Protein chains: 2
Amino acid sequence: MPTPAEYLVANHTTFLEDLKAFLRIQSVSTLREKNPETRQAAAFVVDHLKAAGMTRVELFETNRHPIVYGEWLGAPGKPTVLVYGHYDVQPADKVKDKWTTDPFEPVVVDGKLYARGSTDDKGQILADIKAAQAWMQTTGSLPVNIKFLVEGEEEIGSENLDAFIETHLDLLRCDVAVVSDTAVVDLNTPSLTYALRGLVYMELEVWGPKVDLHSGQWGGSVHNPLQALCEIITALHNPDGSISVTGFYDKAKPISAEERAAIAEVPLTEESWRASTGAAVAWGEPAYTLRERISARPTLEVHGLIGGFTGEGSKTVLPASAKAKISCRLIPDQDPFEIYDLIKQYVATITPPAVRSEVRLLNTGYPAMVPIDSRAVAAAKNAYTRGWGKQPVFVREGGSIPVVATFNKHLGAPVLLVGYGLPDDGAHGPDEHFYLDCFYKGMATMAALLENLGGMTPDEVRG
Amino acid sequence: MPTPAEYLVANHTTFLEDLKAFLRIQSVSTLREKNPETRQAAAFVVDHLKAAGMTRVELFETNRHPIVYGEWLGAPGKPTVLVYGHYDVQPADKVKDKWTTDPFEPVVVDGKLYARGSTDDKGQILADIKAAQAWMQTTGSLPVNIKFLVEGEEEIGSENLDAFIETHLDLLRCDVAVVSDTAVVDLNTPSLTYALRGLVYMELEVWGPKVDLHSGQWGGSVHNPLQALCEIITALHNPDGSISVTGFYDKAKPISAEERAAIAEVPLTEESWRASTGAAVAWGEPAYTLRERISARPTLEVHGLIGGFTGEGSKTVLPASAKAKISCRLIPDQDPFEIYDLIKQYVATITPPAVRSEVRLLNTGYPAMVPIDSRAVAAAKNAYTRGWGKQPVFVREGGSIPVVATFNKHLGAPVLLVGYGLPDDGAHGPDEHFYLDCFYKGMATMAALLENLGGMTPDEVRG
């Protein structure tokens, strides 16, 4: 009989085809017209959990997209591992977003699999499922008890997940949670993420005249809502790149000298930053390094501007309103609801008198940090060393996975952020891709992690 | 036999139905997918010029939308009047722009005809055509020679009109031109517009990273193009509402004390401004009255902001680029091409170092003024008094009709701006409408104007 690792290698081609099939499903959770496809992706997860040998697989309905649950609890006395991932993806429009290839027709070029969701998160969660399958197929059992929780609303703020967790604490009880939805530093530097930023996502709307006006008739006498929106957005930052919202940084935990030293061990040079972003000159808080700005400092970003005439050619409209989508990334101990209130108050004070404005909350997620000196973390570190072939470094990540804070709070279990993506995989952007090497090493790492955790008692795993 | 005025009254219902049929044609010149409908509107004009008794009616092809020409030259020795209008309209989307009714299904409510193009300009040009028809049907001839020039590109900057005029000077030779594409002060105050603002319409684009990025991964280190665009737009005005572009006002002719006094005779109170715009507080250059700001001063307006994620829900994208549509209204003696250059230079100096920007020219129109002490103007004044029942006031208008400057320059004929719309008809906005009363009074005014001009020699008309 092959080992789990050998089984995985022998099935690389099969699992790649499985992943391609998964990626062809347009499970864009934010678009209601894609609800059937999003449900189809949930069904795909159900099928593959069954193929992996889960003895109970269930689809739980929510107010929007279903949650997929699967378990195998055939190792009494062994630790129970909860594996989290998501089957939904960000929107992608080949033409508008300028993809080289169809975002929902995966293709492999130069060892990279191009498709929306390839790295975020279909490729990563499928790697975890296939790692479990490898154990079942080669040994008939798993070294640990395992529970899979795969949701379909991660890209829209996990609207229904918290309520589901809170009402299914028994079902989800575990000794450790594993989340594969992060990136490693680079192909040759695996990393364990020990901190994630939180998020508060808002919509800012500005109203001026009661209806769209003709700029020739009324221009020059009306504070144009598009211009007023620009003025408000401009005023949210100081000229040096710091955020000007009163009280914004008050609860932001300073980065300790030790941590800054650790962060400096994985430097982000302006050169490699430029290669990844394609931008000309770095920007942001001058007192912090590039790596700190993107992972350990809070931010305020504009995601979209909407207003007036946006079609071909010219239209001399003076529009009645304008809208922006903005979000903040938060660090411990910033509270997303408190930050929302601060922004609301600040926007009210800077809104020009001739227009009205409103800031609406779209979704939130708390920042999270996980203890790096636990036995569970040691197991993950060793798993990377075995599965990836290199010892991982410890990093903070700039993104947000709100469920990590929820797991901490409700399940009381440590959360291991065991990701397989790369920072410039293009998650959320055009030409998103996933290195085949990351897919294969990810499966191997997860298979090793299950074995390492199985060698410990539940108490040791809980730390 | 009825008089032309009586004929018009007797045919109010018929001509209203004609106008409705005209308005049902979606001749949105800026949208290429509406090219067939735009051509259909040209054909409608052809038919009605023929019905009005024009002896030569011709459709001239251009690079985009055809120009309709019609003439009746059966009054040798009499003045020749060139009537200009346009059959194209601004875009209109019932849902997106929040129209109460379908913009292309005209309905009459409370004496107002609601539809895109009702006031701008289909209702006004059709009134002129029907005034000519009234003379032909009741007397078998017209008091003057008449030439109609009806284009289909007014809403997109009359791209091909100048070239057409320059190459058809003989065809268009006339003693006076009449343009019915302006508004009167209010239902009881007809007005003769003696000045129009010019226009320079531009697109401003800002680029940052090479592709759309994930804000969680790179946010805080990249100068967000949406934010940079907002910063640039904000910096185009001073806090007091004046335009900060270096040199912008250098060639703007000051408003004389006499003119300011004349403008003050038709005051725009903050109250009536508020009723028309629905905005809360007036804005703009503090040294000028509201009427001056909207008609006699240059402006810079933002018409559209485009960038990032603009769909439903949330997407944490940090986009590669952002775009705005902006335009300036110009007064004598500002030159649209010079202003474009000034803006290009200024934007280059205020563009933040971490992004790139470009200002592209979309279209231009020169400002224009017409002499108010000529005999032709006296004829128009009397025509309003007869057709509208009130003596008109003299006003400057804030909008732009670039063809007026072209007529001045190439035909050497005075241009009469004889409009029938009202300032809050909603031209270019949702729920655009045209008072039936304005339609009917407009026809009567034009019929009277033709008679008045026919009572003069060509030399008297030319002034």
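Residues numbered from 1 in each chain as written. Chains lettered and ligands numbered in written order. Predicted model: local features only at pLDDT ≥ 70, side-chain atom pairs only at ≥ 80, totals over all residues. Heavy atoms only, no water.

Another aspect to go through is the relation of the copies chain B and chain A. Its rotation angle being 179°, the transformation that places chain B on chain A also includes 0.0 Å of axial translation and leaves an RMSD of 0.1 Å. The symmetry that links the two subunits is that of a two-fold axis. Measuring from the rotation axis to each C-alpha of chain B, the shortest distance belongs to C230 of chain B, at 2.1 Å. Taken as a fraction of all interface residues of chain B, those also at the interface in chain A reach 100%, which identifies the copy contact as same-surface. (Least-squares fit on C-alpha atoms with pLDDT ≥ 70 in both. Contact = heavy atoms within 4.5 Å.)

Moving on: helix α10 (residues 270–277) of chain A. Among all positions of α10 of chain A, only W273, S276 and T277 of chain A are buried. Seen from one end, α10 of chain A has its buried residues packed into an arc of 85°, which puts them on one side. Structural note: α10 of chain A exposes E271 and A275 of chain A on the side pointing more than 90 degrees away from its buried face. On its buried face, α10 of chain A is in contact with α11 (290–295) of chain A together with β10 (213–214) and α7 (215–218) of chain B. (Buried < 20%, exposed > 50% of the residue type's maximum accessible area, 1.4 Å probe, protein only. Helix = DSSP H or I, 4+ residues; strand = E, 2+ residues; numbered from the N terminus. Arc of directions from axis to C-beta.)

So, about the confidence of the model for chain A. Low pLDDT means the predicted coordinates in that region are not meant to be read closely. Summing up the model confidence of chain A, the mean pLDDT is 94 and the portion of residues at 70 or higher is 100%. The ipTM for the predicted assembly is 0.78, set against a pTM of 0.79. (pLDDT = per-residue confidence, 0-100.)

With that settled, the discussion passes to the interface of chain B and chain A. Of the residues lining the interface, 90 residues belong to chain B; the matching set on chain A comes to 90 residues. Interface of chain B and chain A: buried area, both sides summed, is about 7,500 Å²; carbon and sulfur atoms make up 53% of it. The largest contributions to the chain B side of the interface with chain A come from W218, W283 and L305 of chain B, which together make up 9% of the buried area. In this structure, the connection of chain B to chain A is made through 2 salt bridges. (Buried area = accessible area lost by both parts, 1.4 Å probe. Salt bridge = Lys/Arg side-chain N within 4 Å of Asp/Glu carboxyl O.)

So, on to the pattern of salt bridges. In this structure the tally under the stated criterion is 44 salt bridges over all chains. Across the pair E205 of chain A and R360 of chain A runs a salt bridge whose closest N-O atoms are separated by 2.8 Å. You can see E205 of chain A sitting in strand β9 (residues 198–207) and its partner R360 of chain A sitting in strand β14 (residues 356–365), a full 155 residues away along the chain. Using a relative accessible area of 10% as the deciding quantity, one classes E205 of chain A as buried. Here R360 of chain A falls in the partly exposed class, since its relative accessible area comes to 23%. E292 of chain B is paired through a salt bridge with R260 of chain B; the nearest N and O atoms lie 2.7 Å apart. Separated by 32 residues along the polypeptide, E292 of chain B in helix α11 (residues 290–295) and R260 of chain B in helix α9 (residues 257–264) bring together distant segments of the chain. The class of E292 of chain B is buried, set by a relative accessible area of 2%. Relative accessible area serves as the criterion here: at 31%, R260 of chain B is assigned to the partly exposed category. A single network of salt bridges, built from pairs that share partners, joins E203, E205, K325, E358 and R360 of chain A.

Residues and elements named next belong to chain B. Spatially, 3 strands are ordered β4-β5-β18 in an open sheet, and the strand pairing comes out antiparallel. At either end of the open sheet lies a strand with only one pairing partner, and these are β4 (107–109) and β18 (433–435). The mean inter-strand angle of the sheet, taken between neighbouring strand axes irrespective of direction, is 30°. Where β4 lies against strand β5 (residues 112–114), 3 bridges are found, and the strand directions are antiparallel. (Pairing = 2+ DSSP bridges. Axes fitted to C-alpha atoms, helices over the stretch in contact; angles between N-to-C directions.)

Residue and element names in this part refer to chain A. For the pair helix α13 (residues 375–387) and helix α15 (residues 436–454), the least separation of the axes is 8 Å and the interaxial angle reads 135°. Relative to α15, the element α13 is oriented oblique. Of the two possible hands of crossing, α13 and α15 adopt the one that is right-handed. Listed contacts from α15 to A379, A380, N382, A383, Y384, R386 and G387 of α13 are K441, A444, T445, A448, L449, E451, N452 and L453. (Parallel < 35°, antiparallel > 145°, perpendicular 65-115°, else oblique. Left-handed = near helix turned anticlockwise from the far one by under 90°.)

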